[in-house]
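# Close look at the chain arrangement
Residues per chain are reported as follows:
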Amino acid sequence: MRTLLIAATATVVGVGLIAPAEAADNVTVMTRNVFLGADLGPALRATGTTEFINAAGEIFQQLQTTNFPKRAKGLADEIQARKPDLIGLQEVALWREGPVNLNAVLDQKPTASKVYQDFLKILLKQVNKGPVKYEVVKVQNEFDFEAPTDIDANPNTGLYGADKDMRLTMRDAILRKTGKRIKVKGLQGAQYTKKNSFSVTVAGRVKVTSLRGWLSTQAKVGKGPWFTFANTHLEAFDDRTQVPSIRAKQAKEFAAAMDKVKGPLIAVGDFNSDSPGLVPGDEQAFEALTKAGFKDIGTTTPMSCCVASDDMQQQGDVSEFDHRVDQIFTTTPKKVKRVKTWVVGREQSYGFWHSDHAGVVGKYALK
């Protein structure tokens, strides 16, 4: 009987279960778009100065309503529940305020410096109230734009109705679990080229470019091998009917950067793409990556995108999570074996959806 048990155990391990010594060094990662707090669309579509200032005011009001300090509590609970070793964050907004300065938008040289809300600081504070602690490995600034804003919704106050300037700096970040077990080195990152970035003329006079990028670190968990962990956020506003789309061009830039990586790779992010896509054209970036050797090691069960809610409270329903854009990839499938995946954040807590996206978590065995 003992011989049979040993033989059976050997057979099970041979088809993919991880032996205890190896399981201790499995790597758990998370990709999490935390939602910047407002829809920028009305401002980007504004055709005149007054419309632009009013739209900026609507964005400010929505930022209050979507209440990131409350949403951060739910995001922190997700992290504490799954305890990922490394986290790739997108839309980690830094909102700042300052006096009205029309030249800041006309010259695209933001000047507002007083912090209004720092999503990264707020999230880390909530996360680190829990037993498992996290710290920033790398944070990278992307799109940075300042706008005169009608804060009080009164066009008769301020300059052309603007009461102050609000500045949004979009950021991507990598977090790691603190402690000696997880080591990091070799931080890298870059923005995608302007020619492969989305641009729009705002208020009929200012050309605004939405800069996005990628960042990475080499990491080692326990006695496991060194590997590269990368995080990115591809364009969302581009024309899907364009071939190749802007996000597809950015995907090719990302693939070229990751092609230089030696050893195992785990790449996470909001790629704004899947195959098949939600609508025709959405699949272009995903397929550009798979053609470049990227293998999907995330999950489609359940879906992780996206709940449509202007306030993150009263609106939205779990049935709206009907596709995915938050992905986990590898270019080294023989060295990165999927053990288990989860989708988190498909529910409300503390009275709010945690984000308009759900989060994706994966556990992997590395060779």
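In what follows, the structure referred to is the one given above.
Thresholds applied
- Residues numbered from 1 in each chain as written.
- Predicted model: local features only at pLDDT ≥ 70, side-chain atom pairs only at ≥ 80, totals over all residues.
- Heavy atoms only, no water.
- Salt bridge = Lys/Arg side-chain N within 4 Å of Asp/Glu carboxyl O.
- Helix = DSSP H or I, 4+ residues; strand = E, 2+ residues; numbered from the N terminus.
- Buried < 20%, exposed > 50% of the residue type's maximum accessible area, 1.4 Å probe, protein only.
- Contact = heavy atoms within 4.5 Å.
- Core = buried A, V, L, I, M, F, W, Y, C linked by side-chain atoms within 4.5 Å.
- Phe/Tyr/Trp six-rings, centres within 6.5 Å; stacked < 30°, edge-to-face > 60°.
- Lys NZ or Arg CZ within 6 Å of the ring centre and 35° of its normal.
- Disulfide = S-S within 2.5 Å.

## Brief notes about the pattern of salt bridges
- Under the definition given, this model contains 13 salt bridges.
- With a shortest N-O distance of 3.3 Å, Lys177 and Asp85 are connected by a salt bridge. Residue Lys177 is found in strand β6 (residues 164-177), and its partner Asp85 is found in the loop between α5 (68-82) and β2 (86-90); the two are separated by 92 residues along the sequence.
- Looking at Lys177, the relative accessible area reads 19%, which means it is buried.
- Residue class for Asp85 comes out buried when judged on its relative accessible area of 3%.
- Between Arg181 and Asp85 there is a salt bridge, and its shortest N-O distance comes to 3.8 Å. One end of the pair, Arg181, is in the loop between β6 and β7 (182-191); the other, Asp85, is in the loop between α5 and β2, and 96 residues separate them in sequence.
- Note on Arg181: relative accessible area 39%, which makes it partly exposed.
- Each of Asp238, Arg240, Arg247 and Asp282 takes part in a single network of salt bridges with overlapping partners.

## Quick notes on the environment of Pro264
- Along the polypeptide, Pro264 turns up in the loop between α8 (246-258) and β12 (265-270).
- Residue classification places Pro264 among the buried positions, given a relative accessible area of 4%.
- Spatially, the C-alpha atom of Pro264 lies 7.7 Å from that of Thr331, the residues being 67 residues apart in sequence.
- Leave out the neighbours within four places in its chain, and Pro264 touches Trp226, Phe227, Thr228, Thr332, Lys335, Val336 and Lys367.

## A look at the nonpolar core
- In this structure, Phe52, Leu89, Trp95, Phe119 and Leu123 are the most contacted members of the largest nonpolar core, which totals 51 residues.
- Of all the elements, helix α4 (residues 49-66) adds the most residues to this core, at six residues.
- With near-sequence residues (within four places) excluded, Trp95 lies in contact with Leu36, Ile59, Leu63, Lys114, Val115, Tyr116, Gln117, Phe119, Met166, Arg167 and Leu168.
- The next biggest cluster of nonpolar side chains, apart from the first, holds 19 residues, and it includes Val27, Leu86, Ala219 and Phe229.

## Some details on unusual backbone geometry
- With omega at -5°, the peptide bond leading from Val243 into Pro244 counts as cis.
- Mapped onto the fold, Pro244 is located in the loop between β11 (227-233) and α8.
- Here the bond from Thr301 into Pro302 is cis, since omega is -10°, no more than 30 degrees from zero.
- Along the chain, the position of Pro302 falls in the loop between β13 (295-296) and β14 (326-330).

## Regarding the packing of aromatic side chains
- Scanning all chains against the criterion turns up 11 aromatic pairs.
- For the pair Phe68 and Phe119, a centre-to-centre distance of 3.9 Å together with 5° between the ring planes defines the contact as stacked. In this pair, Phe68 is assigned in helix α5 and Phe119 in helix α7 (residues 119-127), connecting sequence segments 51 residues apart. The burial state of Phe68 is the same as that of Phe119; both residues are buried.
- On the numbers, 6.0 Å between centres and 40° between planes, the contact of Phe254 with Phe294 is tilted. Of this pair, Phe254 sits in helix α8 while Phe294 sits in the loop between α9 (284-291) and β13, and the two are 40 residues apart along the sequence. No difference in accessibility class separates Phe254 from Phe294, as the two residues are buried.
- One aromatic cluster in this structure is built from Phe254, Phe271, Phe286, Phe294 and Phe329.
- Over the aromatic face of Trp226 sits the side chain of Lys185, whose NZ or CZ is 4.4 Å from the ring centroid.

## Quick look at the environment of Lys291
- Inspection of the secondary structure assignment puts Lys291 in helix α9.
- On the accessibility criterion, Lys291 (74% relative accessible area) is exposed.
- For the pair formed by Lys291 and Leu123, sequence separation is 168 residues and the distance between their alpha carbons is 36 Å.

## Notes on the state of the cysteines
- Per the counting criterion, the structure on display carries one disulfide.
- One disulfide bridge connects Cys305 with Cys306, the sulfur atoms lying 1.6 Å from each other. Handedness of the Cys305-Cys306 disulfide follows from its S-S torsion of about -85°: it is left-handed. Considered together, Cys305 and Cys306 belong to a single accessibility category, that of buried residues.

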